[in-house]
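Report on the structure
These are the residues of each chain, in order.
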Amino acid sequence: MELEVSHLKNPIIPSRGVCDPHIHLFDGRAYLYASHDFSRDNTLWRMQDWQIWSSANLVEWKLESTLRPEDLYMGPSEQCWAVDAATKNGTYFLYFSDGNQRTGVATSHSPGGPFIDALGKPLLDGTLTTTTEYDPAVFIDSDGSAHILFGGPSWAYGEGAGYFMAELGDDMISIKGEAKRIEVGHDADDKASLHKHNGTYYLTWASFYATSKNLYGPYTFRGNFGASPDHGSFFSMNNQDFNAFTIFDPHFVHRASGITYIHYRDNGEIVTDGLIVEMGVGQYDAQWNKIEAEWFMSAHNCSKKENPRLGFDVSNIKDGSYLYYPKVRNIPKNALIHFYASPIVDTTIEIHSQSVDGPLLGTCLLEPGFLAWKGYRSFSTRLNNCGGEEDVYLVFRGEGESLVNLDWFSFAKE
């Protein structure tokens, strides 16, 4: 029997112990590779399997398969710790923690599994380095090379512990060369993750992060962007950037997974939004004071950019660009919609429902003006034949290479 879950706020799959999320986009669909806390009655971590879920919209989730340690070299275990996944040449690879000591690898011809043991023994057997070789994160660089990051902190495991990384062989189930210690300038924690943005490598653990221009570091500690005190990962989908993170549900040995949008300042800092950390992505409420433009679920021919108030705009908007905000709830009947924006040239925003060429709910003309702080002003129009819940598309019309910088929008009865 297939299990499907839809949520109205974070966590995305509540009350089921689906945690330590690593999300990857395969064939246009998001796949969540997760650990699984066994029970809310746990007093210590009991993790008896791993689960793979998938979603087309990050709101509705389907359980694809369950991987059990008794089907691997491990045998029955309650130490099915964190996982990650990757693909190469049509094969999907699942890297799994054998407790807090070793790492194995399983393969499948489908991103959702089922997965089978690739080696019949650990890929990382605990003897390659001076650290515990668990909590893997796999990173594929722009040159196609694949690397596996693993390890735990010295405060937990003593002298010699820390993060290490090694290049994976072309077969993705062997190690090429030596594992190297990664310096991060911080005590760090377990379950690190790696991603790359604008040529900079981001090494993250919980909501802490460090950056480097070199994959193998050294990394410079940058701070904490505040989404979670526990494991997480980063991914991009439909021109939006996301952080998947762990939520205590209700406590730290029974956890769940949440998703939030993330944004990058011009100096490389990661920023998220407290409201979205709480409420989740892919759905909105017209009763909120405002909906930030950068909270889109899909964007075409435009981009996010830091604005003069240290917030973010959607910029580089051209004729035909659009933004998509699904499941906007509680829109008043025939509501007013307000835009706060800095138009560069005369710009018309068409507000459509259902699709970019779906029913037209209204249009709003944005004109450059002089009585505005750095060009930012409010513009309003009334919507017709709408109310309740709508999938909202904002379609931009105008002449020029860059039409407008859009900061936020909101709804009102009057």
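Up top you'll find the structure we're talking about.
The paragraphs below set out a description of the structure included in this document. (Residues numbered from 1 in each chain as written. Predicted model: local features only at pLDDT ≥ 70, side-chain atom pairs only at ≥ 80, totals over all residues. Heavy atoms only, no water.)

With that out of the way, let us pick up the overall build of the protein. A tally of helices and strands in the protein yields two helices and 33 strands. Computed over the C-alpha atoms, the radius of gyration of the protein is 23 Å, within 12% of the 22 Å expected from 2.2 N^0.38 for a compact globule of 414 residues. The 414 residues of the protein split such that 59% are buried. In the protein, once contacts between residues fewer than 6 apart in sequence are set aside, the share between residues at least 24 apart is 56%. For the protein, the accessible surface area stands at approximately 17200 Å², while carbon and sulfur atoms represent 47% of it. One way to put it: in the protein the 32 positive side-chain charges average out to a point 4 Å from where the 53 negative ones average out. (Helix = DSSP H or I, 4+ residues; strand = E, 2+ residues; numbered from the N terminus. Rg over C-alpha atoms; globule rule 2.2 N^0.38 Å. Buried < 20%, exposed > 50% of the residue type's maximum accessible area, 1.4 Å probe, protein only. Contact = heavy atoms within 4.5 Å. Areas by Shrake-Rupley, 256 points an atom, 1.4 Å probe, with all protein chains shown as cover. Lys, Arg positive; Asp, Glu negative; His and termini not counted. Charge placed at Lys NZ, Arg CZ, Asp CG, Glu CD.)

Tallied over the entire structure, the rule returns 17 salt bridges. For R102, the salt bridge goes to D98, with nearest N and O atoms at 2.7 Å. On the basis of relative accessible area, R102 is assigned to the partly exposed category, the value being 31%. D98 sits in the buried class, given a relative accessible area of 12%. Of the charged contacts, one joins E350 and R397 as a salt bridge, the two residues approaching to 3.5 Å between their closest N and O atoms. Residue E350 is located in strand β29 (residues 347-353), and its partner R397 is located in strand β32 (residues 388-397); the two are separated by 47 residues in the primary sequence. By relative accessible area, which is 18% here, E350 ends up buried. Here the residues in one salt-bridge network are D20, D37, D230 and R255, joined through shared partners. (Salt bridge = Lys/Arg side-chain N within 4 Å of Asp/Glu carboxyl O.)

This part takes up the sheet that holds strand β12 (residues 162-168). Paired through backbone hydrogen bonds, the strands of a sheet run either parallel or antiparallel to each other. Pairing within the open sheet is antiparallel, and its four strands lie in the order β10-β11-β12-β13. Edge positions in the open sheet fall to β10 (137-140) and β13 (175-181), since each of these has one partner strand only. Between one strand axis and the next, the sheet turns by 25° as a mean value, whatever way the strands run. (Pairing = 2+ DSSP bridges. Axes fitted to C-alpha atoms, helices over the stretch in contact; angles between N-to-C directions.)

Under the counting rule described, the total for this entry stands at zero disulfides. Considering cysteine sulfurs only, C19 is the nearest to C80, which forms no disulfide, with 11 Å between them. Here C302 stays free of any disulfide, with the sulfur of C364 as its closest cysteine sulfur at 17 Å. Classification of C302 by relative accessible area gives buried; the value is 14%. (Disulfide = S-S within 2.5 Å.)

What follows deals with the pairing of strand β3 (residues 29-37). Extensive coverage of β3 is indicated by the burial of eight of its nine residues. Alignment of strand β2 (residues 18-26) against β3, held across seven bridges, turns out to be antiparallel. In the sheet register, I23 faces β3, and the bridge partner there is L32. Taken together, β2 and the strand that follows it, β3, pair antiparallel across an intervening segment of two residues, in which D27 is found at a positive phi of about 50°. Bridge count between β3 and strand β4 (residues 47-55): seven bridges; the pairing is antiparallel. Bridging from a neighbouring strand, D37 pairs with M47 of β4.

Before going further, it helps to spend a moment on unusual backbone geometry. In this model, G113 is joined to P114 through a cis peptide bond whose omega is 10°. Tracing the sequence through the fold places P114 in the loop between β8 (102-108) and β9 (116-117). In this structure, P218 follows G217 across a cis peptide bond, with omega equal to 5°. Despite not being glycine, K327 has its phi angle at roughly 50°, a positive value.

Once that is clear, we can look at the environment of E367. Counting through the fold element by element, E367 comes out in the loop between β30 (360-366) and β31 (377-382). Separated by 37 residues in sequence, E367 and N330 place their C-alpha atoms 29 Å apart. Discounting chain neighbours no more than four positions away, the residues touching E367 are P343, D346, R377 and F379.

Once that is clear, we can look at the sheet that holds strand β17 (residues 220-224). If you walk across this open sheet you meet the four strands as β14-β15-β16-β17, and the pairing is antiparallel. Here the strands that pair on one side only, and so sit at the sheet edges, are β14 (192-197) and β17. Direction aside, neighbouring strands of the sheet carry axes that sit 25° apart on average. Pairing between strand β15 (residues 200-205) and strand β16 (residues 208-212): five bridges, direction antiparallel. Note that in β16 the partner of Y201 across the bridge is S212.

In this section: the packing of aromatic side chains. Here the distance between the centres and the angle between the planes together describe a pair of aromatic rings. Across all of its chains, the model carries 29 aromatic pairs by this definition. When the ring of Y322 is compared with that of Y393, the centres are 6.2 Å apart and the planes differ by 55°; the resulting orientation is tilted. Taken together, the positions of Y322 in strand β27 (residues 322-331) and Y393 in strand β32 put the pair 71 residues apart, joining distant regions of the chain. Taking 4.3 Å as the distance between ring centres and 15° as the angle between the ring planes, the aromatic pair formed by Y324 and Y393 counts as stacked. Here Y324 is found in strand β27, whereas its partner Y393 is found in strand β32, with 69 residues between them in sequence. You'll find Y324 and Y393 in the same group, each marked buried. (Phe/Tyr/Trp six-rings, centres within 6.5 Å; stacked < 30°, edge-to-face > 60°.)

Everything listed here is a matter of geometry and, on its own, says nothing about what the molecule does.
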